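Coordinate inspection notes
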Amino acid sequence: MLSDLPTEATPIRGLILANDSLLAFLGDETFASFDLDLKKLRWSAEASKQWTSARPYVWRDAVLAGNRRELIALRSSDGSREWSFQFPETVRGIGTSPDILYIGTLAGPVFAYSPKP
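None of the values given here were measured: they were computed from a predicted structure.

Rules behind the numbers
- Residues numbered from 1 in each chain as written.
- Predicted model: local features only at pLDDT ≥ 70, side-chain atom pairs only at ≥ 80, totals over all residues.
- Heavy atoms only, no water.
- Pairing = 2+ DSSP bridges.
- Helix = DSSP H or I, 4+ residues; strand = E, 2+ residues; numbered from the N terminus.
- Axes fitted to C-alpha atoms, helices over the stretch in contact; angles between N-to-C directions.
- Buried < 20%, exposed > 50% of the residue type's maximum accessible area, 1.4 Å probe, protein only.
- Contact = heavy atoms within 4.5 Å.
- Polar contact = N/O pair within 3.5 Å; in protein donor to acceptor, adjacent residues only side chain to side chain.
- 1 Å grid on protein atoms, 1.4 Å probe; cavity = no way out; pocket = protein on both sides within 12 Å on 5 of 7 lines; lining within 4 Å.
- Points joined across faces, edges and corners; volume = space filled by probe spheres on them.
- Nonpolar A, V, L, I, M, F, W, Y, C, P; charged D, E, K, R; others polar.

1. Notes on the sheet that holds strand S8 (residues 81-86)
- As summarised here, the arrangement of the 4 strands in space is S5-S6-S7-S8, forming an open sheet in which the pairing is antiparallel. Only two strands of the sheet have a single partner each, and these edge strands are strand S5 (57-59) and S8. In this sheet, adjacent strand axes meet at a mean angle of 25 degrees when their direction is disregarded.
- Strand direction decides the pairing type here: S5 and strand S6 (residues 62-67), joined by 3 bridges, are antiparallel. Bridging from a neighbouring strand, Tyr-57 pairs with Leu-64 of S6.

2. A closer look at the pairing of strand S3 (residues 30-35)
- S3 sits mainly inside the fold: 6 of its 6 residues count as buried.
- Taking every second residue as pointing to the same face, both faces of S3 are buried, with Thr-30, Ala-32 and Phe-34 on one and Phe-31, Ser-33 and Asp-35 on the other.
- In this sheet, S3 lies alongside strand S2 (residues 21-26) in antiparallel orientation, the contact comprising 6 bridges. Opposite Leu-22, over in S3, you have Phe-34 as the bridge partner.
- Once S2 ends, the chain turns through 3 residues before running back antiparallel as S3, passing Gly-27 with a positive phi of about 65 degrees.
- Bridge analysis of S3 against strand S4 (residues 41-46) gives 5 bridges, and the strand direction is antiparallel. Directly across from Ser-33, in S4, lies its bridge partner Trp-43.
- Between S3 and S4, which pair antiparallel one after the other, the connecting turn spans 5 residues, and Leu-38 there sits at a positive phi close to 55 degrees.

3. Regarding the side chain of Asn-67
- Its location among the elements puts Asn-67 in strand S6.
- Apart from the residues within four sequence positions on either side, Asn-67 is in contact with Ala-47, Ser-48, Lys-49, Gln-50, Trp-51, Thr-52 and Ile-72.

4. A short note on the side chain of Thr-105
- Tracing the sequence through the fold places Thr-105 in strand S10 (residues 101-105).
- A relative accessible area of 9% means that Thr-105 is categorised as buried.
- Within the structure, Thr-105 has its side chain in polar contact with the backbone oxygen of Pro-109 (distance 2.8 Å).
- In this structure Thr-105 touches Glu-89, Thr-90, Arg-92 and Phe-111, once residues within four positions along its chain are discounted.

5. Some details on the layout of surface pockets
- Reported here for the largest pocket is a volume of approximately 180 Å³.
- Along its surface, the largest pocket is lined by Leu-5, Pro-6, Thr-7, Glu-8, Ala-9, Leu-26, Thr-30, Phe-34, Leu-41, Ser-44 and Glu-46.
- When contributions to the lining of the largest pocket are tallied by element, the ones reaching two or more residues are S3 and S4.
- Among the elements that line the lining of the largest pocket, the one with the most residues is S4, at 3 residues.
- The residue makeup of the lining of the largest pocket, split by class, is 6 nonpolar, 3 polar and 2 charged.

Below you can see the structure in the form of structure tokens.
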């Protein structure tokens, strides 16, 4: 074992590498970024109720996650919120292209969304 970093909650769903960070959902309510050496927590973000996306997603310089019906984009460097958008269904999967996000939902509909900075 190279490293071990205790966390307050169990990492769930998929772990994602993004640039020089490891991204993970910790339980249902915390989303966290760790350095790759697992020496420290870089930042964390709390869901209003619970994170619902299957895993974190990386798009451009943002980290994307579903928070019930809200898609949230967090700045990868510090976890601050860049933007968000409300959907009529619970966000589950996120597909990416250069300009469009494809949002899959638990109820079945898929939405195409183009964020405007």
